[in-house]
Amino acid sequence: MTDRILDYCGGSFSAALGAQRPFALPGDKPHYARDRLVDVQHIKLQITLDLEAKRIEGTVRTTFAPINDGAATVEFDAVEMEISSVEIQGRRSKPKYSYEGGRLRIQLGRRKAGELITTIVHYSASPRRGLYFVGPDEGYPDKPLQVWSQGQDEDSRHWFPCVDFPNEMATSELVVTVPKPLTAVSNGKLVRVSERGRKRTFHWRQEQPHVAYLISVAAADFAEITDEVDGVPLQYYVPKGREADGKRALGRTPAMVRFFSEVIGEPYPYAKYAQVVVSDFIFGGMENVSATTLTDSVLQDRRAHPDFADAGDGLVAHELAHQWFGDLLTCRDWAHGWLNEGFATYFDALFAERNRGVAAMRNEMRINAESYMREDAQRYRRPIVNNVYNEPIDLFDRQFYEKGAWVLHMLRFELGDTLFWKTIRHYVAKHKGGNVTTPDFQRAIEEATGRNLDAFFDQWVYGAGHPKLTVAFEWDDAAKQAKLSVKQTQSTEHNTAEVFHAPVLVDFASETASQSFRIRLTEREQSFYFPLSDRPKMVRFDVGGWLLKSIEFKRSQEQLLYQIEHDDDILGRIDAAKALAKLGTKEAVAALKKAVLGDAFWAVQAQAASALGTLGSEEALDALLACVDVRDRRARRGVIGALGEFRDEQPANRGARAAEALERVLREGDASYYVEAAAAAALGKTRSPRAFEALERALEKESHNSIIRVRAFEGFGELRDQRALPLAVEWSAYGRPTRARSSATACLGKLGRYAERKEPALDRLTELLDDPSLPVRLAAVAALQELGEDRAIPALERLAGRELDGRVVRRCREVVARLREGRDKGEEVSKLREELDKLREEQRTLKDQMQKLQSRGDS
């Protein structure tokens with residue numbers, strides 16, 4: 001499962017929350033795996049879906065065996081259902097049962113261990129969770145008629161009675177009747193399709209055991225695209241008319257299936273692999289067994305497709321990897337969910353390595369690290385394995401996904417490729433078809449390699465955080481010896497290790513040779529000495545980026561200039577670009593400009609552009625303006641975004657010059673939607689007088705996933721022009737594109753923060769807490785935090801009490817806690833922000849003056 005829905009909820013929720021806090025909130029409790037009183041072996045669902053009435057009616061036959069003698073009852077999870085009757089197969093008399101508190105308890109009599117029993121439950125429901133009916137309404141008259149399920153974490157209980165916990169696995173069948181011309185897709189193999197009158201019935205059978213949350217159904221008037229790889233049928237179900245977009249987005253699936261089967265050592269395990277694209281999906285994707293559900297935002301038109309050359313496979317690869325890690329092997333309880341999500345996230349990056357090379361993979365892991373670091377710094381810190389929470393969805397965060405992936409990445413470096421893949425194959429072969437916990441993975445490592453990695457798991461999985469390093473380089477010319485001093489400065493709060501033990505690869509390069517050494521961090525402060533033939537031109541710490549860390553490593557300008565041009569590792573060149581931004585010399589500007597125009601990898605180009613924006617000098621602006629037509633559109637986005645760092649009030653009309661270039665991009669257009677979108681966001685940051693009208697015009701532009709409008713509202717928020725407030729209110733209205741609505745909602749929080757009267761923004765955001773759209777509700781919660789008004793607390797508490805989606809509940813609880821903490825700090829924080837802006841401008845002015853003096857001296 002991927003929570004990509006937050007990508008368009010109007011900016012960074014973590015950024016809105018501010019400083020790091022403990023993960024657990026008041027009232028959170030420890031959770032443990034359920035006792036298993038019966039062994040469920042097979043579930044057969046026979047359902048009819050009424051899309052107009054938004055109802056389900058059906059029968060569920062559950063075959064199970066008691067684990068112990070004397071079993072007298074069986075209990076199923078079932079929420080908000082009408083139970084019409086209950087039977088036990090082979091018994092004439094109907095059993096007694098009770099239904100209350102979301103639990104259906106059926107009396108069995110006294111049964112023996114291992115005795116097969118089948119209960120038959122006839123029920124109906126109008127689900128508010130688990131099964132979602134989508135269709136046209138007054139706001140969206142063209143929306144397609146669809147129904148789709150979403151079971152994870154524990155929502156299957158809302159559409160059929162079941163044992164709804166991940167430590168119970170069974171085979172399944174789904175017989176589903178829908179109106180013509182809809183197609184219904186489910187798990188496993190399609191047994192038959194029958195038609196009667198105006199209805200069609202689809203019979204699907206899944207023959208490998210799986211947990212209840214992986215049972216799925218999706219019905220719509222789909223177009224079906226078929227493919228095949230190594231005997232495995234592949235099916236892509238997309239909206240009619242978007243077949244070409246579907247092929248662009250999903251076309252590399254065969255290569256992914258082949259790659260994962262090869263490296264995992266286990267062929268794709270199911271009868272087929274379907275990917276079903278639906279509207280209004282509440283996650284990015286969901287790995288239902290053999291039948292993944294995907295958000296329609298994954299589809300790419302011809303113009304958008306090149307922008308996804310490095311990122312477009314991520315969601316598709318992630319959900320496919322789950323067919324092994326999450327479906328074939330499933331975490332026993334939610335505390336160990338990183339075994340699902342961390343593995344899928346890492347295998348997404350591994351496919352990038354196979355398909356696009358090691359540089360692409362390293363860049364993926366860099367982005368994963370940055371995502372985790374933001375949450376860790378701005379929101380909370382927690383161990384990956386943690387059983388204290390309110391709802392299971394609370395755990396599906398950057399610790400499970402990105403940090404979980406990094407644990408595997410570091411394990412790969414610790415073991416080496418040969419032993420790492422030996423471990424993965426042994427782990428899968430031993431546990432396929434069953435439940436797993438973190439100790440199971442640890443024991444698999446020991447069995448495969450002989451290595452005891454308890455210390456590794458203690459610091460990275462059961463402990464929280466990461467090392468914060470300060471590294472210094474010294475050279476002793478007389479002894480021909482290099483010295484690296486490494487100091488770990490991380491706080492030990494929130495169960496963070498005082499000392500992280502980890503291997504690190506360091507490298508020293510001269511004009512003619514390079515020497516590498518593998519060192520091991522074992523102490524809070526350490527010094528390492530290296531005999532070298534000559535003073536190195538380049539010093540690299542953690543070559544290849546195998547250690548999750550934050551680092552401060554000061555090097556000379558000479559070393560950084562050499563590194564940005566000659567380092568064969570993109571991570572080293574990116575790091576050099578960041579460091580050069582702190583120098584601000586004309587040599588640094590020239591090197592960064594050269595990297596933007598000429599580096600072979602787009603992420604280095606984009607980072608060099610960002611560094612020029614950070615510099616903010618007239619020379620840096622000149623360099624950026626000379627790069628606005630750089631060929632790679634992803635690099636071009638970096639250049640355009642960096643121009644937003646030049647404010648209108650800066651000397652020498654720098655802000656005006658940047659704004660003029662950005663406005664020209666919006667006026668004349670670009671081959672990339674996303675470059676235009678970056679221009680809109682950056683133009684607002686310049687706070688130019690010409691920005692408002694240009695951004696208002698940008699709202700008229702149609703684009704992939706409404707990205708230009710989304711970024712235009714980001715621009716309005718940065719512009720702080722109160723004329724944008726009615727526009728944000730207008731575009732937050734039901735009936736506008738959802739992603740634009742979410743961004744407009746976020747904009748209300750930013751504009752309201754700087755308004756003389758906060759009531760208009762506060763009132764509208766309070767209304768949006770009741771919006772039918774989940775992304776809009778999430779954006780409204782984050783915007784109320786940005787607004788900083790404690791008057792929102794009662795409305796947020798009411799929403800937390802009635803909301804069905806656990807993500808909204810968690811975010812409401814966090815924001816209420818922050819607002820209470822900040823009752824007396826709002827004005828102080830605003831003043832600090834304004835003072836910080838002034839200090840940045842003063843710093844840039846001083847840099848300008850220094851560079852002018854330097855230029856005079858050079859001449």
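Going by the structure above, here's the rest.
Analysis parameters
Residues numbered from 1 in each chain as written. Predicted model: local features only at pLDDT ≥ 70, side-chain atom pairs only at ≥ 80, totals over all residues. Heavy atoms only, no water. Buried < 20%, exposed > 50% of the residue type's maximum accessible area, 1.4 Å probe, protein only. Helix = DSSP H or I, 4+ residues; strand = E, 2+ residues; numbered from the N terminus. Pairing = 2+ DSSP bridges. Phe/Tyr/Trp six-rings, centres within 6.5 Å; stacked < 30°, edge-to-face > 60°. Arc of directions from axis to C-beta. Contact = heavy atoms within 4.5 Å. Disulfide = S-S within 2.5 Å. Polar contact = N/O pair within 3.5 Å; in protein donor to acceptor, adjacent residues only side chain to side chain. Axes fitted to C-alpha atoms, helices over the stretch in contact; angles between N-to-C directions.

**Side note on the pairing of strand E4 (residues 55-66)**
Right, so step 1: Judged by how many residues are buried, E4 sits mostly within the fold: nine of twelve residues are covered.
Right, so step 2: Bridge analysis of strand E3 (residues 38-50) against E4 gives twelve bridges, and the strand direction is antiparallel. Among the inter-strand pairings, Val38 is bridged to a residue of E4, identified as Pro66.
Right, so step 3: Where E3 folds back onto E4 in an antiparallel hairpin, the turn is made up of four residues, including Lys54, whose phi is positive at roughly 60°.
Right, so step 4: Strand direction decides the pairing type here: E4 and strand E9 (residues 117-125), joined by nine bridges, are antiparallel.

**Let's talk about the packing of aromatic side chains**
Right, so step 1: What the rule picks out here adds up to 39 aromatic pairs.
Right, so step 2: A centroid spacing of 5.8 Å and a plane angle of 80° characterise the contact between Tyr268 and Trp324, whose relative ring orientation is edge-to-face. Linking Tyr268 in the loop between helix H3 (253-264) and strand E19 (273-278) with Trp324 in the loop between helix H4 (313-321) and strand E22 (329-331), this pair joins segments that are 56 residues apart in sequence.
Right, so step 3: For Tyr268, a relative accessible area of 8% translates into the label buried.

**A look at helix H21 (residues 724-731)**
Right, so step 1: Ala724, Leu725, Leu727, Ala728 and Trp731 are the residues of H21 that are buried. Down the axis of H21, the buried side of the element spans an arc of 160°, and every buried residue falls inside it.
Right, so step 2: Where H21 is buried, its residues meet helix H19 (691-698), helix H20 (707-719), helix H22 (738-753) and helix H23 (759-768).

**Section: the state of the cysteines**
Right, so step 1: Considering all chains together, one arrives at zero disulfides under this definition.
Right, so step 2: Unpaired in this structure, Cys331 has its nearest cysteine sulfur neighbour in Cys162, at a distance of 16 Å.

**Here's the deal with the side chain of Asp569**
Right, so step 1: You can see Asp569 is positioned in the loop between helix H11 (557-566) and helix H12 (570-580).
Right, so step 2: Within the local environment of Asp569, its side chain forms a polar contact with the side chain of Arg362, the two groups lying 3.2 Å apart.
Right, so step 3: Excluding residues that lie within four positions of it along the chain, Asp569 makes contacts with Arg362, Arg540, Val543, Gly544 and Gly545.

**Examining the sheet that holds strand E31 (residues 538-541)**
Right, so step 1: Here three strands make up an open sheet; going across it, the order is E29-E28-E31 and the pairing antiparallel. Every interior strand has two partners, whereas the edge strands, strand E29 (514-521) and E31, have only one. Each neighbouring strand pair of the sheet contributes to a mean axis angle of 15°, computed without reference to strand direction.
Right, so step 2: Taken together, the four bridges between strand E28 (residues 502-509) and E31 define a ladder with antiparallel strand orientation.

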